[in-house]
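# Inside the fold
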Amino acid sequence: MRSAKDFFAPLAVGAPAPVREIPARPSRAIHFFDPGNPKMAAKVPDMVGKVDVLLGNLEDAIKADSKVAAREGLVRIGQETKGLGGPGASTQLWTRINALDSPWVLDDLLTLVPAIGHKLDVIMVPKVQGAEDIQYVDRLLAQLEAKAGLERPILVHAILETARGVANVEEICGASPRMQGLSLGPADLAADRRMKTTRVGGGHPGYLVRQDPPRGEDGAAQVDAQRTTYQQDLWHYTIARMVDACAMHGIYPYYGPFGDIADVVACEDQFRNAFLLGCVGTWSLHPKQIAIANRVFSPSVEDIAHARRVVAAMGDGTGAVMLDGKMEDDASLKQCLVLVELAEQLAAIDPELKQQYDAIDAPTGQEA
Ligand code: GLV
Ligand code: MG
């Protein structure tokens, strides 16, 4: 057992003190790119300021013989790109390192921390199985940060993509003060659980519920009649667990990849489900998913107008009021404050959104 008092002591002599709170930095889209691909790397400077997070991917989707080029490319990008990564940067710099049992991960960390540790905001660790994986990375990062003389700890984000990881999700979230958040990894998770979908995220037409059959005059069910079916969300259970585990530990949940790049409509639906359930952002695998994520993970002007009205109407925050025939009370005020606070954080980094939120009429607090 570890004493609560030790939790915030650095894990290596000379390492920066662990953070006590994970800052709520907007991270609606975590845009993945291959840092070893010269075409993608060339686009990075132009994306700074236009996307909340740029993530240099070193893991899956990077071929084995390109792993070193990706790592070296990320070092170059981290060192040379202005406004990318580190405190106050307009776009955060994250990376996804290789899996902890892979032949590349040690060199990923030994290279990245000394070279661009001061720029790296978050390290995403894939295929996390339990607290022990986070504790390994935690200690190693502390040693490397101490050696590199870093002044601020690098945060850690785990991908939830194994059955054991899901079973251990609460202990993973609480394994280190570095834990920043969790993403759903639907592809690896589906494989590990032996689910039968071959899609990367999103729904499946076979996973559905069907309306009850109509009855004939004799009262018998007409099972062959035309009946409406409703496609269900394969990921609802996992996202809901992830959201609770993150909220319990004061860290942030994210949807993961949506692989059908052409189906921007279903992508938007899946992102919105995650937003409504409590996620703060998602991955983007293609530039067109950035716009979708920014739209979905920013509260709508209508929602903010309503939330501000409730805040104004509730005065000192106690009791209940009627607005448009609906009851509002202390609890619904808290729901509204979640949206208002998020809008304030987003307005601070997104001038277009700020303009839209500022244009909302000052709330009267009066019943309409
Ligand atoms: C992401 O890494 C996934 O496996 O879906
Ligand atoms: Mg994966």
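Notes on the structure in this doc start here. (Residues numbered from 1 in each chain as written. Chains lettered and ligands numbered in written order. Predicted model: local features only at pLDDT ≥ 70, side-chain atom pairs only at ≥ 80, totals over all residues. Heavy atoms only, no water.)

Coordination of the magnesium ion (ligand 2) by the protein involves Glu161 (OE) and Asp188 (OD), with metal-donor separations of 2.1 to 2.2 Å. Residue Glu161 is located in the loop between strand S5 (155–160) and helix H5 (163–167), and its partner Asp188 is located in helix H7 (residues 186–193); the two are separated by 27 residues in the primary sequence. Since its relative accessible area comes to 3%, Glu161 is described here as buried. We classify Asp188 as partly exposed; its relative accessible area is 25%. (Donors = N, O, S within 2.8 Å, 3.2 Å for Na, K, Ca; no water. Helix = DSSP H or I, 4+ residues; strand = E, 2+ residues; numbered from the N terminus. Buried < 20%, exposed > 50% of the residue type's maximum accessible area, 1.4 Å probe, protein only.)

On to empty space enclosed by the protein. One pass over the full model with this rule turns up 1 cavity of 30 Å³ or more. Of the voids in this model, the largest cavity is the one considered here, and its volume is about 100 Å³. In the lining of the largest cavity, the residues fall into 11 nonpolar, 1 polar and 4 charged. (1 Å grid on protein atoms, 1.4 Å probe; cavity = no way out; pocket = protein on both sides within 12 Å on 5 of 7 lines; lining within 4 Å. Points joined across faces, edges and corners; volume = space filled by probe spheres on them. Nonpolar A, V, L, I, M, F, W, Y, C, P; charged D, E, K, R; others polar.)

Let us look at the nonpolar core. Ile30, Leu182 and Phe271 are the most contacted members of the largest nonpolar core, which has 80 residues in total. Counting 8 residues, the second-largest nonpolar core is a separate cluster that includes Ala307, Val310, Met314 and Leu333. (Core = buried A, V, L, I, M, F, W, Y, C linked by side-chain atoms within 4.5 Å.)

Residues Leu106, Leu110 and Tyr136 make up a contiguous nonpolar surface patch of about 280 Å² in total accessible area. When you line up the elements, Leu106 lands in helix H3 (residues 105–116). (Patch = residues over 30% accessible without salt bridge, like charges linked within 9 Å, V, L, I, M, F, W, Y side chains within 5 Å. Areas by Shrake-Rupley, 256 points an atom, 1.4 Å probe, with all protein chains shown as cover. Salt bridge = Lys/Arg side-chain N within 4 Å of Asp/Glu carboxyl O.)

Attention shifts here to the site of ligand 1. In the vicinity of ligand 1, the residues found are Arg96, Glu161, Gly185, Pro186, Ala187, Asp188, Pro257 and Trp283. Arg96 has a polar side-chain atom sitting 3.1 Å from an oxygen atom of ligand 1. Between an oxygen atom of ligand 1 and a main-chain N or O atom of Pro186, the distance comes to 3.1 Å. Protein chains bury 92% of the 190 Å² of accessible surface belonging to ligand 1 in isolation. Placement of ligand 1 is best described as lying within the second largest pocket. The element contributing the most residues to the shell around ligand 1 is H7, with 3 residues. Of the residues in the shell around ligand 1, the class split is 4 nonpolar, 1 polar and 3 charged. (Near = heavy atom within 4 Å. Polar contact = N/O pair within 3.5 Å; in protein donor to acceptor, adjacent residues only side chain to side chain. Sits in = over half its atoms within 2 Å of the grid points.)

For the rest of this paragraph, the subject is the pattern of salt bridges. Across all of its chains, the model carries 17 salt bridges by this definition. Arg178 is paired through a salt bridge with Asp138; the nearest N and O atoms lie 2.6 Å apart. Within this pair, whereas Arg178 is found in the loop between helix H6 (169–173) and strand S6 (179–184), its partner Asp138 is found in helix H4 (residues 131–148), the two being separated by 40 residues in sequence. Assigned by exposure class, Arg178 and Asp138 land together as buried. Note that Arg178 and Glu145 form a salt bridge whose closest N and O atoms lie 2.8 Å from each other. Taken as a pair, Arg178 in the loop between H6 and S6 and Glu145 in helix H4 lie far apart in primary sequence, 33 residues in all. Residue Arg178 is classed as buried on the basis of its relative accessible area of 7%.

What follows deals with the pairing of S5. For S5, a buried count of 6 out of 6 residues is recorded, marking the element as mostly surrounded by other parts of the structure. Covered by surrounding structure in S5 are Leu155, His157 and Ile159 together with Val156, Ala158 and Leu160, the residues of both alternating faces. Sheet analysis places strand S4 (residues 120–125) next to S5, joined by 4 bridges and oriented parallel. Residue Val122 lies in a different strand from S5, and its bridge partner there is Leu155. (Pairing = 2+ DSSP bridges.)

This structure, assessed with the given rule, holds 6 aromatic pairs. Their ring planes at 50° and their centres at 6.3 Å tell us that Phe271 and Phe297 sit as a pair that is tilted. Of this pair, Phe271 sits in helix H9 (residues 264–277) while Phe297 sits in the loop between helix H10 (287–296) and helix H11 (301–313); the two residues are 26 residues apart in sequence, bridging distant segments of the chain. The two residues Phe271 and Phe297 agree in class, both being buried. Note on Phe275 and Phe297: the rings are 5.7 Å apart at their centroids and 85° apart in plane angle, and the pair reads as edge-to-face. With Phe275 in helix H9 and Phe297 in the loop between H10 and H11, this pair connects stretches of sequence that are 22 residues apart. Accessibility classification places Phe275 together with Phe297 in one group, the buried group. (Phe/Tyr/Trp six-rings, centres within 6.5 Å; stacked < 30°, edge-to-face > 60°.)

This part is about unusual backbone geometry. With a phi angle near 90°, Ala61 is a residue other than glycine that sits in the positive phi range. Looking at the element boundaries, Ala61 is found in the loop between strand S2 (53–57) and helix H2 (67–80). Under the relative-accessibility criterion, Ala61 is labelled exposed at 78%. The phi angle at Lys127 is positive, at roughly 50°, despite the residue not being glycine. With respect to the element layout, Lys127 can be found in the loop between S4 and H4.

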